[in-house]
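Residue strings, one per chain:
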Amino acid sequence: MQRIDTIKRYLYLNVYAFLLLLAGGGIGSLPIWHISLWLIIPQAIIALTCFHNAMRILSTWNDKKRKYALLMQRNANGLRPDTFTEYIQAPCGRALTKIVLEDLGCPDRYSELKKLRKPLRQRISCKPSKTVVYINNEI
């Protein structure tokens, strides 16, 4: 069994963060002040937003390692598609799912799990969702 904390897997699971860093750097380096000094403000806002979101993604590395261990543990005795439902909804979760399937020896089952993905309209719902916290099996 491979480990998740390798450089190759770190780069793979954080590719969106690196793309945001690249986009933020590219946007920030455009010589927009030649057109108008007022355009510097939206340029800075966009570039800083890209950097901020990239840092948020990079800061989730420990959480990704924990989720990897959890998925490996839950699927050690056989693939349970229901354990991947939460992860298949987001791009970073799909990348994690591919790594877990590779380590479980069944990367060909990804197409089966991809069917668990909800439509875009449901994933981007602005409706508040109910959260239930269980403490010692009590509500």
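In short, a report on the structure. From a predicted model like this one, the values you see are computed outputs, not experimental measurements. Counting restarts for each chain, with residues numbered from 1 along the sequence as it is written. With the structure being a predicted model, the display of local features is reserved for residues of pLDDT at least 70 and the display and counting of side-chain atom pairs for 80 or more, all residues being used for whole-chain, interface and lining totals. The basis for every side-chain value is the complete set of heavy atoms in the structure, and neither hydrogens nor water enter the calculation.

**Quick look at the side chain of glutamine 89**
Short version of the rule: Secondary structure elements are taken from DSSP: a helix is a run of H or I of four residues or more, a strand is a run of E of two residues or more, and numbering for both begins at the N terminus. For every residue, the accessible area (1.4 Å probe, protein chains only) is compared with the maximum for its type, and the residue is labelled buried under 20%, exposed over 50%, or partly exposed between those bounds. Residues adjacent in sequence count toward polar contacts only when both atoms are side-chain atoms; beyond that, a polar contact is any pair of N or O atoms within 3.5 Å, and within protein one must be able to donate a hydrogen and the other to accept it.
Looking at where glutamine 89 falls in the secondary structure, it is placed in the loop between α4 (61-74) and α5 (91-104). You can call glutamine 89 buried: its relative accessible area is 15%. Here the side chain of glutamine 89 touches threonine 85 through a polar contact of 2.8 Å, landing on its backbone oxygen. A polar atom in the side chain of glutamine 89 sits 2.9 Å from the backbone nitrogen of lysine 118.

**Let's talk about the pattern of salt bridges**
Short version of the rule: Think of a salt bridge as a Lys or Arg side-chain nitrogen and an Asp or Glu carboxyl oxygen that are within 4 Å of each other.
Under the definition given, this model contains seven salt bridges. Taking the shortest distance from any N to any O, the salt bridge between arginine 3 and aspartate 5 comes out at 2.9 Å. Assessed through its relative accessible area of 56%, arginine 3 is described here as exposed. Note that aspartate 63 and lysine 67 form a salt bridge whose closest N and O atoms lie 3.1 Å from each other.

**Structural notes on helix α3 (residues 40-58)**
Worth spelling out the cut-off: Here the expected span of a helix is defined as 1.5 Å times the quantity of residues minus one. Regarding the arc, it is the one traced by the directions from the helix axis to the C-beta atoms.
The first and last C-alpha atoms of α3 sit 27 Å apart over 19 residues, in line with the 27 Å expected at 1.5 Å per residue. Listed as buried for α3 are Gln43, Ala47, Cys50, Ala54, Ile57 and Leu58. Axial view of α3: buried residues confined to an arc of 100°, hence all on one face. Seen from the buried face of α3, the exposed residues on the opposite side, beyond 90 degrees, are Ile45, Leu48 and Arg56.

**Side note on the packing of α4 against α5**
Put simply, the rule reads: In this analysis, axes come from line fits to C-alpha atoms, helices being fitted only over the stretch in contact, and the angle between any two N-to-C directions falls in the range 0 to 180 degrees. Angles below 35 degrees are treated as roughly parallel, those above 145 as roughly antiparallel, those between 65 and 115 as roughly perpendicular, and all remaining angles as oblique. Here is the rule for handedness: rotate from the far helix to the near one, and if that takes an anticlockwise turn smaller than a right angle the crossing is left-handed, while a clockwise turn gives right-handed. Contacts are assigned to residue pairs with any non-hydrogen atoms lying within 4.5 Å of each other. By the convention adopted, Pro, Cys, Tyr, Trp, Phe, Met, Ile, Leu, Val and Ala count as nonpolar, Lys, Arg, Asp and Glu as charged, and the other residues, Gly among them, as polar.
The geometry of α4 relative to α5 is characterised by a closest axis approach of 10 Å and an angle of 45° between their N-to-C directions. One finds that α4 runs oblique with respect to α5. Note that α4 runs across α5; the crossing there is right-handed. Counted together, Lys64, Lys67, Tyr68, Leu71 and Met72 of α4 and Cys92, Leu96, Ile99, Val100, Asp103 and Leu104 of α5 form the full contact between these two elements. Class assignment of the residues belonging to the contact of α4 with α5 gives a composition of eight nonpolar, no polar and three charged.

**Looking at a nonpolar patch on the surface**
The cut-off we apply is this: Each patch groups residues whose relative accessible area exceeds 30% and which form no salt bridge, using 9 Å between like charges and 5 Å between nonpolar side chains of Val, Leu, Ile, Met, Phe, Trp and Tyr. Computed with a 1.4 Å probe, the accessible areas rest on the Shrake-Rupley method; for each residue, only the protein chains presented here act as cover.
Judged by side-chain polarity, Val15, Tyr16, Leu19 and Leu22 come together as a nonpolar surface patch covering roughly 380 Å² of accessible area. Relative to the helices and strands, leucine 22 is located in helix α2 (residues 15-28).

**Regarding the packing of aromatic side chains**
To describe a pair of aromatic rings, one takes the distance between the centres and the angle between the planes. Quick reminder of the rule: For this analysis, a ring pair means two rings from Phe, Tyr or Trp (six-membered ring only for Trp) whose centres lie within 6.5 Å, classed as stacked if their planes differ by under 30 degrees, edge-to-face if by over 60, and tilted for the remaining angles. Charge-over-ring contacts are defined here by two conditions on Lys NZ or Arg CZ: a distance within 6 Å of the ring centre and an angle within 35 degrees of the ring normal.
The final tally for this structure, using the stated rule, is two aromatic pairs. Judged by centre distance (4.9 Å) and plane angle (80°), the ring pair of tyrosine 10 and tryptophan 61 falls under edge-to-face. With a gap of 51 residues between them, tyrosine 10 in helix α1 (residues 7-13) and tryptophan 61 in helix α4 connect regions that are remote in the sequence. According to the relative accessible area criterion, tryptophan 61 is buried, its value standing at 13%. Cluster of aromatic residues (ring-pair linked, three or more members): Tyr10, Phe18 and Trp61. Of note, lysine 98 hangs over the ring of tyrosine 110, and the distance from its end group to the ring centre comes to 5.0 Å.

**Digging into the environment of isoleucine 46**
Considering the arrangement of structural elements, one finds isoleucine 46 in helix α3. Residues isoleucine 46 and alanine 23, spaced 23 residues apart in sequence, show a C-alpha to C-alpha distance of 9.4 Å.

By themselves, these are just geometric observations and shouldn't be taken as functional.
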